[in-house]
Amino acid sequence: MSYKSVKNLIGWFVVGLSALALAPSVVPGSMAVLAFYLSLALLLVSLFTISSANHRHFQLTAIIVGVGMLVLNDYLRVIMPSPEPTWLNRIALYLVYFTICGVGMLKVKRQLNR
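Residues numbered from 1 in each chain as written. Predicted model: local features only at pLDDT ≥ 70, side-chain atom pairs only at ≥ 80, totals over all residues. Heavy atoms only, no water.

**Q** Help me understand helix α1 (residues 3-20) in this model?
**A** Given a rise of 1.5 Å per residue, 18 residues ought to cover 26 Å, and the 26 Å separating the end C-alpha atoms of α1 matches this to within 8%. For α1, the set of buried residues is K7, G11, V14, V15 and S18. With its buried residues spanning 100° around the axis, α1 presents them on a single face. Turned more than 90 degrees from where α1 packs its buried face, L9, F13 and L20 sit exposed. Its buried side turned inward, α1 meets α2 (30-47) and α3 (56-72). (Helix = DSSP H or I, 4+ residues; strand = E, 2+ residues; numbered from the N terminus. Expected span 1.5 Å × (residues − 1). Buried < 20%, exposed > 50% of the residue type's maximum accessible area, 1.4 Å probe, protein only. Arc of directions from axis to C-beta. Contact = heavy atoms within 4.5 Å.)

**Q** Teacher, can you tell me more about a nonpolar patch on the surface here?
**A** A cluster of nonpolar side chains, contributed by I63, V67, L70, V71, V78, I79 and M80, occupies part of the molecular surface with about 700 Å² of accessible area. Tracing the backbone shows V71 in helix α3. You can call V71 exposed: its relative accessible area is 52%. (Patch = residues over 30% accessible without salt bridge, like charges linked within 9 Å, V, L, I, M, F, W, Y side chains within 5 Å. Areas by Shrake-Rupley, 256 points an atom, 1.4 Å probe, with all protein chains shown as cover. Salt bridge = Lys/Arg side-chain N within 4 Å of Asp/Glu carboxyl O.)

**Q** Please explain the environment of M69 as it appears in this structure.
**A** Of note, M69 is situated in helix α3. Residue classification places M69 among the buried positions, given a relative accessible area of 0%. Taking the C-alpha atoms as reference points, M69 and R114, 45 residues apart in sequence, are found 32 Å from one another. Those residues in contact with M69 that sit more than four places away from it in its chain are F36, L76, R77, Y94 and Y97.

Pasting the structure below:
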């Protein structure tokens, strides 16, 4: 197997795991927070697949994590969220997601300009 095909395999593995991480996101309590942290870690791993593989792995992972964060995650969702977290905690986690996505978009743009 070549280096590019291994990165491609890792990219699809990360996309699949991020989709599986949506399941514990709807569970109230700490499972939703742990699922979001796992999703952020998977999004970081997908950043490394941008350079030699296609950038669609990062884009799919970012979309899955974003939908899970804003719609499904009991801790972070926008409509009817859990009452425990403060808005400051939510905004901090949103900023982490958007920062990682911003770095990823810059990497994708740099790769497309080559």
